[in-house]
Amino acid sequence: MTVPIEAMYSRSRFPSGPILLFLLLYTPIGIIIFLLRLFISLQLFLAASVLPHNTIIRRIVLRVLYSIMGLVVREEALENRDNSCRIITTNHITPFDHLAVSIVLPCVTPSVYDLPGALSTLLCYRDLGVTQGREVLRASARIFLNERNSPPLLLHPEGATTSGNLALMKYGTWAFELNGSVLVAGLHVWRLPLLPVAPSVLGASWAADLCFMLFSPVTLFTIRYIGKLERGESETVEEFAGRVQIATAVALGVKTSNHTVADKVEYMKRLAREAAAAANPMLNPEVHRMAQQVQEVLPHISLEQIKRDLVHTQNVDLTITNFLEGNVPEPTPESRPMTPSQAHPGPSVQLLETGSSTPVINQSQSPSHISNISKTTSKCDSPPGGISKPSVALSTAAKSFGKSASERMTSFESRKAQLIENARRKYIEKHGLQVPGYNC
Amino acid sequence: MGPEGTCFECGVFPAKLIFPPDYPLSPPKMQFTCEMFHPNIYSDGRVCISILHAPGDDPMGYETSAERWSPVQSVEKILLSVVSMLAEPNDESSANVDAAKMWRDDREQFNKIAERLVRKTLNLPYP
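Only a predicted model underlies this, so the values are computations on that prediction, with no experimental measurement involved. (Residues numbered from 1 in each chain as written. Chains lettered and ligands numbered in written order. Predicted model: local features only at pLDDT ≥ 70, side-chain atom pairs only at ≥ 80, totals over all residues.)

S.K.: How should I be thinking about the overall build of chain B in this particular structure?
M.R.: Along the backbone of chain B there are three helices and two strands. Along the chain direction, N to C, the helices and strands of chain B fall in the order β-β-α-α-α. For chain B, the residues scored as buried account for 39% of the 127 residues in total. Sequence-distant contacts, at least 24 apart, represent 52% of the contacts inside chain B between residues at least 6 apart. (Helix = DSSP H or I, 4+ residues; strand = E, 2+ residues; numbered from the N terminus. Buried ≥ 20, exposed ≤ 12 C-beta atoms within 10 Å, placed from the backbone. Contact = placed C-beta atoms within 7 Å.)

Dropping the structure here:
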């Protein structure tokens, strides 16, 4: 039976329902704990980084550090633990899985971040060239495993984190190509049931996960050893990976699934798209559907304009009324198509909405009709009126709608004067008049 | 404002719209407050176009009811219609017989008068 991909991951950090109340009550304490831990762990972290490698004191310091961070590790089924294995595979829940494992079982994991050498050693990372591609990783992992004193390599065959509660993702094969035998373990992350903050949520960064780990009273990692599994003679890598996955799933009491890392990435993309659609109401499918309804009634108005109005009204009838009554603000009047009834064969005319709801008629260019009136009283040597483009801006639309009546009247009067002034200038320019105060 | 490419080009013709108490059921009235000379404008400035007439107002049946006033019409539509009327007078249903006659028979004289009106509205001297 297949597990839906939505169920595989935690989408929200916090639970819903009455339990959220405990979380709210805990928040002040959590913030204090967070700050205390932050400073203490910074100190210990610095201490650990200057201490020599592989010494007992350093391991003690690290252990204390992790305990202070609230990261506690418990081992289960210790009889299955096998220290001879060079590869350890576990499922993947948080970005700190390998730290938890390394407390009880020294190991390193391939680094996916470009960290400086000392820091990556401290965090149990080893640069195996993950970023340079699968082949480089495989080769450097082989070299690493052939080294004498190297610690075991911890791998997460899932390739990405899950919530760890419902199902495991498909185990990738590359972890099992390196070596015939692997130590298989299952990880389970537990937090206080009263404060069930998800250890890692979809798309969260490691920093966010770290913050919530410091915030939570305790994060208990349970490592359940399953034992050493070896690839059979006739078994393919895929079959072996499947066997390891099933064994891990059985031990953890979860299901197996066929979702791969690529599926998770796709799923995250889909969520991001949906979130973008929700954030931008213009892309909302519901708005689109309503806009199409409006356009059936008003086919001459662009879908874009309808949507812009619909976002405010959320109502088909209201928007239709708005368009019919001309209550729709037009950011770009030039792009407005003309209605068939308005499209007369004469000069094209457009209306500009003015702020004071007194429309001012504006003209657009219609060169074909200019020529027949150029019988002018041209006296000076300016270009013939019919051909020259009017250089005067005719738009007198107000930028804002005044709040008080007197403000609106002032705006109206000044724009009216402006309109007449513009028209006069245009007329003079067109007819090449010489009027004192204007052009001579 | 007079439409481009016509004899009324560049003219700014002030007018008032009078809205009846039962607007939008009844159409508003429009009256130019400046001197106008146009086949569809009475000498007192009242505008005579189909969109300002309620259906049934026209016993002659010149206009189809589609062009008539209805509550879904808007001020914008009225103004557009008036601008288009300035561009193209409808000499079939004339309000100013003299203007209609001149428009038909002596276009040049009509243009001259229009130009004079335009200049008057713009406060420009006219010949």
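Still more ground to cover, so stick around.
S.K.: So what exactly am I meant to see when it comes to the overall build of chain A here?
M.R.: Looking only at helices and strands, chain A features 14 helices and 11 strands. Across the 440 residues of chain A, 29% fall into the buried class.

S.K.: When you look at the sheet that holds strand β7 (residues 181-191) of chain A in this model, what are you seeing that I'm missing?
M.R.: Backbone-to-backbone hydrogen bonds join strands into a sheet, with any given pair of strands oriented parallel or antiparallel. All names here are of chain A. The five strands are arranged β1-β8-β7-β2-β5 in an open sheet whose pairing can be described as mixed. Of all strands in the sheet, those with a lone pairing partner are β1 (71-76) and β5 (153-155), marking the two edges. In this sheet, adjacent strand axes meet at a mean angle of 30 degrees when their direction is disregarded. Packed on one face of the sheet, helix α3 (residues 97-104) meets β1, β2 (87-89), β5, β7 and β8 (219-230) and runs near 60 degrees to β1. (Pairing = 2+ DSSP bridges. Axes fitted to C-alpha atoms, helices over the stretch in contact; angles between N-to-C directions.)

S.K.: Explain the UniProt feature "transmembrane region" (unreviewed entry) in chain A here, please?
M.R.: Residues annotated in UniProt with the feature "transmembrane region" (unreviewed entry) correspond here to residues 20-44 of chain A. Along residues 20-44 of chain A one finds 100% helix and 0% strand; the C-alpha atoms at either end are 33 Å apart. (UniProt positions renumbered as here; feature names shortened; annotations may be inferred.)

S.K.: Even after reading the chapter, I still don't get the environment of A:Ser120, so can you show me in this structure?
M.R.: When you line up the elements, A:Ser120 lands in helix α4 (residues 117-122). Separated by 11 residues in the primary sequence, A:Ser120 and A:Thr109 place their C-alpha atoms 9.8 Å from one another.

S.K.: Mind showing me how you'd approach the UniProt feature "active site" (unreviewed entry) in chain B here?
M.R.: All names here are of chain B. The positions that UniProt labels "active site" (unreviewed entry) are, in the present scheme, Cys48. Inspection of the secondary structure puts Cys48 in the loop between β2 (29-32) and α1 (75-87). Judged by the 18 C-beta atoms lying within 10 Å of it, Cys48 falls in the partly exposed class. Once you skip the residues sitting within four places of it in the chain, Cys48 turns out to touch Asn40, Ile41, Tyr42, Ser93 and Ala95.

S.K.: What is the right way to read the packing of helix α1 (residues 19-50) of chain A against helix α2 (residues 56-68) of chain A from this model?
M.R.: How two helices pack is summed up by the angle between their axes together with the distance between the axes. All names here are of chain A. α2 packs onto α1 with a crossing angle of 165 degrees between their chain directions and a minimal axis gap of 9 Å. Taken as axis vectors, α1 and α2 run roughly antiparallel relative to one another. As for how α1 packs across α2, the hand of that crossing is left-handed. For the pair α1 and α2, the contacting residues are Arg37, Ile40, Ser41, Leu44, Phe45, Ala47 and Ala48 in the first and Arg58, Val61, Leu62, Val64, Leu65 and Ile68 in the second. When grouped by side-chain class, the residues that make up the contact of α1 with α2 number 10 nonpolar, one polar and two charged. (Parallel < 35°, antiparallel > 145°, perpendicular 65-115°, else oblique. Left-handed = near helix turned anticlockwise from the far one by under 90°. Nonpolar A, V, L, I, M, F, W, Y, C, P; charged D, E, K, R; others polar.)

S.K.: In this structure, what is going on with the nonpolar core? I would like to understand it.
M.R.: Counting residues in each nonpolar core, the largest one holds 57 residues, and the members touching the most others are A:Ile88 and A:Val182. For A:Val182, the contacting residues outside a window of four places in its chain are A:Cys85, A:Ile87, A:Ile88, A:Thr89, A:Phe176, A:Leu229 and A:Val244. If you look at the next biggest cluster of nonpolar residues, it comprises 32 residues, including A:Ile428, B:Trp69, B:Ile78 and B:Ala87. (Core = buried A, V, L, I, M, F, W, Y, C linked by C-beta atoms within 7 Å.)

S.K.: In this structure, what is going on with the packing of helix α11 (residues 303-313) of chain A against helix α12 (residues 316-325) of chain A? I would like to understand it.
M.R.: All names here are of chain A. The contact between α11 and α12 brings their axes to 9 Å, and the two run at 125 degrees. Here α11 lies oblique to α12, going by the angle between them. Pair α11 / α12 crosses with right-handed handedness. Counting all contacts with α11, which are made through Ile306, Asp309, Leu310 and Thr313, the residues of α12 involved are Leu318, Thr319 and Asn322. Of the residues in the contact of α11 with α12, the class split is three nonpolar, three polar and one charged.

S.K.: Help me understand helix α3 (residues 107-121) of chain B, please; the structure alone is not making it clear to me.
M.R.: Because an α-helix packs 3.6 residues into every turn, residues spaced three or four apart end up facing the same way. Under the 1.5 Å per step criterion, the end-to-end length of α3(B) is 21 Å for 15 residues, consistent within 8% with the ideal 21 Å. Here α3(B) has its buried residues at B:Phe110, B:Ala114, B:Glu115, B:Leu117, B:Val118 and B:Thr121. Viewed along the axis of α3(B), the buried residues span an arc of 160 degrees, placing them on a single side of the element. Turned more than 90 degrees off the buried face of α3(B), the exposed positions are B:Glu108 and B:Gln109. Among the structural elements, α14 (405-431) of chain A together with α2 (97-105) of chain B are those in contact with the buried residues of α3(B). (Expected span 1.5 Å × (residues − 1). Arc of directions from axis to C-beta.)

S.K.: Looking at this structure, I do not really get the environment of A:Glu75. What am I missing?
M.R.: Residues and elements named next belong to chain A. Counting through the fold element by element, Glu75 comes out in strand β1. Glu75 gets classed as partly exposed once you count the C-beta atoms within 10 Å, which come to 17. C-alpha of Glu75 to C-alpha of Phe221: the two residues are 146 residues apart in sequence and 8.4 Å apart in space.

S.K.: Sorry, what's going on with the environment of A:Asn284 here?
M.R.: Residue and element names in this part refer to chain A. Relative to the elements of secondary structure, Asn284 occurs in the loop between α9 (261-279) and α10 (285-297). For Asn284, a count of 17 C-beta atoms within 10 Å translates into the label partly exposed. Each C-alpha atom of the pair Asn284 and Lys307 lies 9.6 Å from the other, and the pair is 23 residues apart in sequence.

S.K.: What is the right way to read the pairing of β7(A) from this model?
M.R.: Consecutive residues of a regular strand have side chains that alternate between opposite faces of the sheet. Residue and element names in this part refer to chain A. Alignment of β2 against β7, held across two bridges, turns out to be parallel. Following the sheet pairing, Ile88 is matched in β7 by Leu183. Of the pairings in the sheet, the one linking β7 to β8 comprises 11 bridges and is antiparallel in character. Along β8, the bridge assignment pairs Arg191 with Thr219.

S.K.: Help me understand the confidence of the model for chain A in this model?
M.R.: The predicted coordinates of low-pLDDT regions are not to be read in fine detail. Across chain A, pLDDT averages 74, with 80% of residues at or above 70. When the criterion is pLDDT under 50, residues 332-393 of chain A qualifies, and its contacts beyond four places in sequence or with other chains add up to 123 contacts. (pLDDT = per-residue confidence, 0-100.)

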